[in-house]
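Each chain is listed here by its residues.
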Amino acid sequence: SSDCVEDIRFSLAFSSDCVEGGGRLGNLALASFDIDPMMIEQNLLQQSWVRLAVDAVDISPHVERVAKEQIGDFIDKARILWAGRRMSVSALLNLVVAYNSPQAGSC
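Definitions and limits used
- Residues numbered from 1 in each chain as written.
- Predicted model: local features only at pLDDT ≥ 70, side-chain atom pairs only at ≥ 80, totals over all residues.
- Heavy atoms only, no water.
- Core = buried A, V, L, I, M, F, W, Y, C linked by side-chain atoms within 4.5 Å.
- Buried < 20%, exposed > 50% of the residue type's maximum accessible area, 1.4 Å probe, protein only.
- Helix = DSSP H or I, 4+ residues; strand = E, 2+ residues; numbered from the N terminus.
- Contact = heavy atoms within 4.5 Å.
- Phe/Tyr/Trp six-rings, centres within 6.5 Å; stacked < 30°, edge-to-face > 60°.

1. What about the nonpolar core?
Generally speaking, soluble globular proteins have nonpolar side chains that are buried together. In terms of nonpolar packing, the biggest core is built from 5 residues, these being Leu30, Phe33, Ile35, Met38 and Ala67. Per element, the largest residue contribution to this core is 3 residues, and it comes from strand 2 (residues 24–35). With residues up to four places along the chain from it excluded, the contact list for methionine 38 reads Ile8, Val57, Asp58, Ile59, Ser60 and Val63.

2. Thoughts on the packing of aromatic side chains
Throughout the structure, instances matching the rule amount to 1 aromatic pair. The interplanar angle of 50° and the centroid separation of 6.1 Å between the aromatic rings of phenylalanine 10 and phenylalanine 33 together place this pair among those described as tilted. Remark: phenylalanine 33 occurs in strand 2 and phenylalanine 10 occurs in strand 1 (residues 10–19); sequence separation between them is 23 residues. Owing to a relative accessible area of 54%, phenylalanine 10 belongs among the exposed residues under this scheme.

This is the structure we're talking about:
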């Protein structure tokens, strides 16, 4: 038999500051990361006709912590090749915002 996992929902929220005089976003950071519970059960007597599950554990806090670290590290260190230039995630975000909202002006 195979155990199926239902969809696991999650949400990410980012924060950023407005850079004075530049009218652009800076200090991009992951503000929050929420994930549905992820229950793991340890099955005993798997070869028997009796299935006994004990110690159900929610691993979502561990997954959340590792994901926050990985995403934060990516935001800080990644250099993305875009239009022939290598740029930070913040710089790319500023280009996307400026392209999609040219009339918005500064932040």
